[in-house]
Amino acid sequence: MMNSTPWLIAAIVAGSSLSAAVLAQSASDARPPDPKRGATIAAQGTPSGAPGCAQCHAFNGASDGSGAFPRIAGQSAHYLAKELHDFGSGVRNNAVMSPIARAMTPDDIADVAAYYASLHAPVLPLPPPEPALVKKGEQLARFGNDEKRIQACNNCHGAGGTGEPPTIPYLAGQYSNYIATELKMWQRGYRKNSPNQMAAVSKLLSDDDIAAVAAYYQQILGSGELANSQ
Amino acid sequence: MAETLKAVDAVTIGVGLTGSLAALELAQAGLKVVGLERGAARFTVPDFQSPTIHDELRFSIRKAMMQDNTKVAVTFRNSSDQTALPIRRWESFLPGQGLGGSFVHWNGQSFRAQVADFIYRTHHLERYGQKFLDSCGEDLTIQDWGVTYDELEPHFDRMEYLIGVSGKAGNINGQIQPGGNPFEAPRKREYPNPPMKETYFGAIFRKAAAGLGYHPYPQPSSNLSRPYTNPLGLKMQACVFCGFCERYACEHFAKGSPQTTILPVLLKNPNYELRTNCEVVRINLDSTGKKATGVTYFDAAGREFFQPADIVFITAFPLNNVRTLLLSGIGEPYDPKTGKGVVGRNYTYQTTGGPAVFLDENINVNAFMSSGAPGTMIDDFGGDNFDHSNLGFIGGQYVGSIMTGARPIEFHPTPPGTPKWGLEWKKAVARHYNHTILVQQHGTSQPSRLNYLDLDPTYKDAWGLPLLRMTFDFPENDIRMSQYIADKVVEIGRAMGGKVVVRGGTKRPYSTTFYQSTHNAGGAVMGDDPKTSVVNRYQQCWDVPNVFSLGASSFPQNITYNYSVTIGAITMFALDAIKNKYLKSPGPLVHA
C-alpha cells in the first residue's frame with residue numbers, strides 16, 4: 001500500500017478536491033505514522049507553536065461533551081489527517097483549528113491522527129435528549145425523506161452511524177452541538193470540503209431536521225460505551 | 001368475468017422509462033392517463049435505502065428487482081430445429097419489474113446512437129455497396145429506422161437534461177471538442193453536467209489507449225457528478241461511488257430514474273393514476289381488429305378488469321412489448337420459413353465481453369469504489385467509425401475500462417489455469433482481486449432472418465398464456481466483428497501493464513447462462529414500410545393506429561451503445577407527434 005492510489009481514490013470518492021497538502025503527504029509517505037510521537041504532541045503541542053490537542057479534545061479524545069469540540073477518539077486516521085490538512089488550507093475554515101493546523105508539519109499531522117485513531121474512549125454520561133426529537137432524527141438517519149429528497153445519513157456514515165473508514169467519519173456518540181454546528185457551517189459555506197455531498201445535503205435540512213439528527217447520533221451509544229469506527 | 005372500469009384517454013402497459021415519459025407528457029396535455037405496472041410501487045425513501053439496498057445476495061444473485069419468472073418466464077433456443085425451454089434464472093439479460101422498471105436498476109451508461117445508426121442500410125450501401133453487404137451474411141436483414149438523427153437531436157438533448165447526464169461533449173455543431181468522444185454525433189450543446197471523476201482503472205486505460213493512438217474519453221453517466229435540478233424542478237444528488245448501481249436502485253437520488261426525474265411530478269398530476277401489481281394480459285380490439293378499445297388486466301387479488309382507453313401505449317420491457325402484441329393479435333407474426341410477417345422479426349441482442357487484464361501486485365485498482373458508468377473508453381471501434389472495406393463484417397463495439405463495483409460475491413477474477421474451487425482458487429482470488437482490470441467490449445448485433453420472437457407452443461405463464469419464445473444465435477458477422485476487435489483490445493491490455501491478458505470477444509453459441517447485456521432489442525421494429533416494420537417512425541402500430549409500442553423493441557437492429565438515452569429520444573419524438581398531430585386528428589400519422 002505504498003503507492004498513492006488509495007489516497008487518490010479515497011479523496012475522489014469523498015467528493016473533495018485534492019489539496020496539494022494531501023498529495024504531498026501521499027507522495028512522501030516514506031515513514032509510517034508514529035502514534036507515540038502523536039501522543040506527545042497531543043499532550044505537549046509542537047515546537048512550532050501548535051498547542052497540545054488534549055487541551056480541548058482531552059488526552060483520550062473524548063473532548064468535554066459541550067460539543068464545542070468534537071469527539072475524535074477512534075475516528076479514522078485518514079479522516080483526521082485530511083481534516084487537519086483542510087483546516088490548514090482553509091477549505092475548512094475555522095478560527096481555532098486553522099492556525100493550529102498550519103503550525104503542524106505533515107508528519108505531526110500523521111502522528112496525532114494515528115494516535116487519536118488508536119484510542120477507545122468511553123462515552124460521557126450526558127443528559128438524555130427529547131425522545132420525539134430522537135425519533136425524528138432516527139427517521140432521517142436511517143431512511144431519509146422522499147419529499148425533500150434527502151437520503152439516509154447512514155448510507156454513507158454506516159449502519160448505526162459507525163462510519164465507513166477511512167473516508168467517512170463515525171457519527172455515533174458524536175456530540176449533538178458539534179454535528180449541528182458543522183451542518184450549519186456547510187449550509188453557510190464556511191466548510192467547503194465535501195461540496196457535492198455534505199454541503200448539498202445540509203441545504204436540504206431545516207433547523208429542526210438538524211437538531212433531530214444531531215440529537216439522534218449523540219445518544220446512540222450509552223454512557224460508558226466505546227465509540228470506535230475501526 | 002371482467003369488470004369494466006370508467007374509460008380514460010390513455011393507458012400505459014408498464015410504468016418504467018417509456019411509461020412514465022408518455023404518461024407525463026399526456027397528463028400535462030390534459031389527458032386522463034392510467035399507468036398499469038405489473039410489479040410493486042417503490043421509492044427512493046424508504047425502499048432504496050441502505051443497508052437493505054446493498055444486499056448483494058438478494059439483488060445481484062437472486063435478482064430481486066427482476067421480472068418474476070416464476071410467473072412469467074421467457075423460453076429460449078438457439079435455432080428453429082431445437083425445443084425451447086423456459087429461463088428460470090435470469091443471467092444473460094435482466095428485465096426489471098416494479099415501478100420504474102429496468103430504468104431503476106440500470107447502470108446509467110448514457111449514450112446517443114450515431115447518425116449512421118438511423119440510416120443503417122442506406123449508409124452501408126452507400127459506403128460499401130450491396131456486394132459487400134452480401135459478403136457479411138445473406139441472412140442479415142438490416143434496415144433504416146424511418147427517422148433521422150437530426151430529427152431526434154432535440155429529443156436526445158431533452159432526455160439528457162431530464163436525467164442529468166454527466167459527460168464531456170466530443171462534437172458540438174460539428175466542432176470536435178477536446179476531451180470528448182470525437183466520433184459522437186453532433187450535439188447542439190454540452191451535457192448538463194461535467195463528467196464524473198476518472199477512476200484509477202480508467203486512468204490506466206486512458207494512458208494505454210492514448211499511447212496506442214486511440215481517443216479515450218469519459219463515459220457519459222446518469223450517475224451524477226454534482227447536485228443537479230432537472231427541468232421538472234426535481235433535485236438530484238451527486239454519486240458517491242458506492243459500488244452498488246447495476247442490479248440495484250440508487251439510495252442517493254444520484255441516478256437518473258423515473259423515481260428521481262419524472263415520477264414525483266407525474267404522481268402529483270390529478271390527470272394521472274398509477275395502479276401497481278396489475279398484470280395486463282391483452283389489448284382488446286374492436287370487431288374490425290383495426291382499433292383498440294382498451295386493455296384487460298388482473299390485479300393482485302386475481303380480479304379481472306377491462307380498462308377502456310382511447311390510446312394504448314405498450315411501455316414494457318422490449319421483449320414484453322413484443323409478447324403483448326402477439327397475445328393481442330396485433331400485426332402479422334413473423335414466419336422464418338417464408339420471411340413474411342413482422343411481429344417478432346429482427347430481434348437483436350448485443351455483443352459483449354472483453355479481456356481480463358491481470359496486473360502487478362503493487363497496482364491497487366480499488367474497483368469496489370465505483371459507479372454504474374465509471375468508464376474511460378474509446379469509440380474508435382464503434383459502429384462504422386473505422387473502415388470495414390476489407391474486414392468482411394459490419395458493426396462495431398466501444399471499448400472501455402468500466403468496472404461497476406467489484407462486489408465480493410460476483411467479482412473474483414483468476415487467471416487461466418486456476419482451479420475453480422479449493423485452496424488454490426482462494427489464494428488466486430486474494431492475489432488478483434484488487435489487481436485486475438476488466439475491459440469491456442460492447443457493441444452491435446445485426447438482425448438475421450433466423451433470429452426472432454414468437455409465442456411458445458408449450459409453456460404458459462401463471463395466467464395460462466403462452467410465454468414468449470426467443471430463437472437466437474449470434475450471426476457469423478457479429479462473431480467476426482467481435483473477434484477482430486478482441487485482438488485490438490488485447491494490445492490495449494498489454495499496454496495497461498497486463499502480465500496476463502485473457503482475450504475477450506463473443507463466441508457461438510449464444511448462451512443465457514452468464515451475464516452479457518440487458519439491451520434486448522427489436523421484434524416490433526420501426527420503419528417506413530409495413531412489410532418490414534410493426535410501427536411507423538412515431539412507434540405507432542401500422543395495423544392498429546391507436547396503439548403505440550414504445551421502446552427498444554422498435555430498434556430495427558441494435559446499436560453499439562447502451563440504449564436507454566436513445567429510447568428516451570425516440571419516445572419523446574413520438575410523443576411530440578402524438579400531442580401535436582394525433583390528438584387533433586386521431587388516425588395513422590404516416591400513410592404507407
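Bear in mind that the values here come from a model prediction, so they are computed numbers and not experimental data. (Residues numbered from 1 in each chain as written. Chains lettered and ligands numbered in written order. Predicted model: local features only at pLDDT ≥ 70, side-chain atom pairs only at ≥ 80, totals over all residues.)

1. Section: the overall build of chain A
A tally of helices and strands in chain A yields 12 helices and 0 strands. Within chain A, the proportion of its 230 residues that are buried is 53%. Look at the contacts in chain A between residues 6 or more apart in sequence, and 70% of them connect residues 24 or more apart. (Helix = DSSP H or I, 4+ residues; strand = E, 2+ residues; numbered from the N terminus. Buried ≥ 20, exposed ≤ 12 C-beta atoms within 10 Å, placed from the backbone. Contact = placed C-beta atoms within 7 Å.)

2. Some remarks on the overall build of chain B
Looking only at helices and strands, chain B has 15 helices and 23 strands in total. In summary, chain B has a C-alpha radius of gyration of 23 Å against a globular reference of 25 Å for 592 residues, a match within 12%. Overall, chain B is about 70 × 60 × 50 Å in size when its C-alpha atoms are taken along their principal axes. Pairs at least 24 apart in sequence give 75% of the contacts found in chain B among residues at least 6 apart. (Rg over C-alpha atoms; globule rule 2.2 N^0.38 Å.)

3. Here's the deal with the interface of chain B and chain A
In this assembly, 23 residues from chain B lie in contact with 23 residues from chain A. In terms of residue count, the dominant contributor to the side of chain B that touches chain A is helix H2 (residues 44-47) of chain B (3 residues). A class-by-class count of the residues in the side of chain B that touches chain A yields 11 nonpolar, 8 polar and 4 charged. (Nonpolar A, V, L, I, M, F, W, Y, C, P; charged D, E, K, R; others polar.)

4. A word on the pairing of strand E14 (residues 304-314) of chain B
All names here are of chain B. Of the strand pairs in this sheet, strand E1 (residues 3-4) and E14 are connected by 2 bridges, and their pairing is parallel. Pairing of Glu3 across the sheet is with Phe305, part of E14. Two strands pair when backbone bridges link them, and strand E2 (residues 8-13) and E14 are joined in this way by 5 bridges, in the parallel orientation. Each bridged residue has a counterpart across the sheet, and for Ile13 the counterpart in E14 is Ile314. Where strand E13 (residues 292-298) and E14 come together, 5 bridges link them in antiparallel fashion. Note on E14: the bridge partner recorded for Thr296 is Phe306. The turn linking E13 back onto E14 is made up of 5 residues, and Gly302 within it adopts a positive phi angle of 85°. (Pairing = 2+ DSSP bridges.)

5. Examining the confidence of the model for chain A
In regions of low pLDDT, the predicted coordinates are not meant to be interpreted in detail. Mean pLDDT over chain A stands at 87; residues scoring 70 or higher make up 85%. For residues 1-28 of chain A, every residue scores under 50 in pLDDT, and the model assigns this stretch 51 contacts once sequence neighbours within four places are set aside. (pLDDT = per-residue confidence, 0-100.)

6. Looking at helix H10 (residues 176-188) of chain A
All names here are of chain A. For H10, built from 13 residues, the straight-helix expectation of 18 Å at 1.5 Å per residue is met to within 8% by its first-to-last C-alpha distance of 18 Å. For H10, the complete set of buried residues consists of Ser176, Tyr178, Ile179, Ala180, Glu182, Leu183 and Trp186. The elements touched by buried residues of H10 are helix H11 (198-204) and helix H12 (207-219). Two residues or fewer after H10 comes Gly189, characterised by a positive phi angle close to 90°. (Expected span 1.5 Å × (residues − 1).)

7. Some points on the domain arrangement of chain A
All names here are of chain A. Each assigned domain of chain A is listed with its residue range as follows: domain 1 (5-117) and domain 2 (131-219). Each partner contributes residues to the interface: domain 1 has 19 residues there, and domain 2 has 19 residues. Counting residues per element, the side of domain 1 that touches domain 2 draws most heavily on helix H5 (residues 77-89), which supplies 3 residues. Class assignment of the residues belonging to the side of domain 1 that touches domain 2 gives a composition of 7 nonpolar, 9 polar and 3 charged. (Domains from an automatic or database assignment.)

8. What about the packing of H5 of chain A against helix H7 (residues 106-117) of chain A?
Residues and elements named next belong to chain A. It is at 8 Å that the axes of H5 and H7 come closest, and there the two elements cross at 140°. Taken together, the axes of H5 and H7 lie oblique to each other. Crossing geometry of H5 relative to H7 is assigned as right-handed. For the pair formed by H5 and H7, the contact residues are Ala77, Leu80, Ala81, Leu84 and His85 on the first element and Ile109, Ala110, Ala113, Ala114, Tyr116 and Ala117 on the second. Split by residue class, the contact of H5 with H7 holds 10 nonpolar, 1 polar and no charged. (Axes fitted to C-alpha atoms, helices over the stretch in contact; angles between N-to-C directions. Parallel < 35°, antiparallel > 145°, perpendicular 65-115°, else oblique. Left-handed = near helix turned anticlockwise from the far one by under 90°.)

9. Regarding the packing of H10 of chain A against H12 of chain A
All names here are of chain A. At their nearest, the axes of H10 and H12 sit 8 Å apart, and the two run at 145° to each other. The handedness of the crossing between H10 and H12 is right-handed. Within the contact between the two elements, H10 uses Ser176, Ile179, Ala180, Leu183 and Lys184 and H12 uses Ile210, Ala211, Val213, Ala214, Ala215, Tyr217 and Gln218. Of the residues that constitute the contact of H10 with H12, the class distribution is 9 nonpolar, 2 polar and 1 charged.

10. Let's talk about the sheet that holds strand E21 (residues 466-471) of chain B
Residues and elements named next belong to chain B. Here we have 4 strands laid out as an open sheet, ordered E5-E4-E21-E20, and mixed in their pairing. The open sheet is flanked by strand E5 (85-86) and strand E20 (452-460), the only strands paired with a single partner. Inspection of the sheet shows strand E4 (residues 74-77) paired to E5 by 2 bridges, in the antiparallel sense. Across the sheet, the residue bridging to Phe76 is Leu85, located in E5. Across the sheet, helix H12 (residues 318-328) is in contact with E4, E20 and E21; its angle to E20 comes to roughly 70°.

11. Some words on the nonpolar core
The tendency in soluble globular proteins is for nonpolar side chains to be buried side by side. Counting residues in each nonpolar core, the largest one holds 195 residues, and the members touching the most others are Val213 of chain A together with Val312 and Ile437 of chain B. Of the residues forming this core, the biggest block, 10 residues, is contributed by helix H15 (residues 564-582) of chain B. Beyond its immediate stretch of four places on either side in the chain, Val213 of chain A contacts Gly137, Leu140, Ala141, Cys153 and Ile179 of chain A. (Core = buried A, V, L, I, M, F, W, Y, C linked by C-beta atoms within 7 Å.)

12. A look at the environment of Gly400 of chain B
All names here are of chain B. Mapped onto the secondary structure, Gly400 falls in strand E18 (residues 397-401). Along the primary structure Gly400 and Arg431 are separated by 31 residues, whereas in three dimensions their C-alpha atoms are 24 Å apart. In contact with Gly400, not counting residues within four places along its chain, are Phe205, Gln219, Gly375, Thr376, Met377, Ile378 and Gln440.

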